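For reference, the chains in residue letters:
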Amino acid sequence: MNSPDSLLFPGSADAGATVCSAKGCRSAAVWVLAWNNPKLHTPERRKTWLACDEHREHLSQFLGVRGFLKDVVSLEEWEKGEARSASDG
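A.B. asks: Residue-level account of the overall build of the chain, with values.
C.D. replies: Check the secondary structure of the chain and you find two helices and three strands. Traced from its N-terminal end to its C-terminal end, the chain shows the element sequence β-β-α-β-α. Buried residues in the chain amount to 36% of all 89 residues. Pairs at least 24 apart in sequence give 50% of the contacts found in the chain among residues at least 6 apart. Summing over all exposed atoms, the chain offers an accessible surface of approximately 5900 Å²; the carbon and sulfur share of this is 51%.

Set out below in structure tokens:
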């Protein structure tokens, strides 16, 4: 699955576009699904999947059923938060 650390996908619709994490999907991602596996990660740790509008609900349900889903935010909002975190540090 893709993470915001590896947002580029060769051959995606737009060079440099973020790509949905759903298997086989090459659509631009517009959502970030923040999650963690409590058996493996500390409570504050957040792993991420990216989702297009079409796959947001499916990926959210997949993580939610397992109790992993912590937050769903727009990619734009996530990137603003990351920029704030970088300027704080």
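Past the structure itself, the notes keep going.
A.B. asks: Got a sec to walk through the nonpolar core? Specific residues and values, please.
C.D. replies: Listed in full, the twelve residues of the largest apolar core are Cys20, Ala22, Cys25, Trp31, Leu33, Trp35, Trp49, Ala51, Cys52, Leu59, Leu63 and Phe68. At the level of secondary structure, the elements contributing two or more residues to this core comprise β1 (31-35), β2 (47-51) and α1 (56-65). With three residues, β1 is the largest single contributor of residues to this core. Aside from chain neighbours lying at most four places away, what touches Ala22 is Leu50, His55 and Leu59.

A.B. asks: Outline the environment of Leu33, supporting the account with residue identities and numerical values.
C.D. replies: By secondary structure assignment, the location of Leu33 is in strand β1. A C-alpha to C-alpha distance of 8.8 Å links Leu33 and Leu63, two positions 30 residues apart in sequence. With sequence-adjacent residues up to four places away left out, Leu33 is seen in contact with Lys47, Thr48, Trp49, Ala51, Arg56, Leu59, Ser60, Leu63, Leu69, Asp71 and Val72.

A.B. asks: Could you give an account of the pairing of β1, with specific residues and numbers?
C.D. replies: Consecutive side chains along a regular strand alternate between the two faces of the sheet. With respect to burial, β1 is a largely interior element, five of its five residues being buried. Residues Trp31, Leu33 and Trp35 point to one face of β1 and Val32 and Ala34 to the other, with burial holding for every one of them. As defined by bridge partners, β1 adjoins β2 across five bridges and the pair is classed as antiparallel. Bridging across to β2, Trp35 finds its partner in Lys47. With five bridges connecting them, β1 and strand β3 (residues 69-74) associate as antiparallel partners. Bridge pairing in β3 links Trp35 to Leu69.

Calculation rules
Residues numbered from 1 in each chain as written. Predicted model: local features only at pLDDT ≥ 70, side-chain atom pairs only at ≥ 80, totals over all residues. Heavy atoms only, no water. Helix = DSSP H or I, 4+ residues; strand = E, 2+ residues; numbered from the N terminus. Buried < 20%, exposed > 50% of the residue type's maximum accessible area, 1.4 Å probe, protein only. Contact = heavy atoms within 4.5 Å. Areas by Shrake-Rupley, 256 points an atom, 1.4 Å probe, with all protein chains shown as cover. Core = buried A, V, L, I, M, F, W, Y, C linked by side-chain atoms within 4.5 Å. Pairing = 2+ DSSP bridges.

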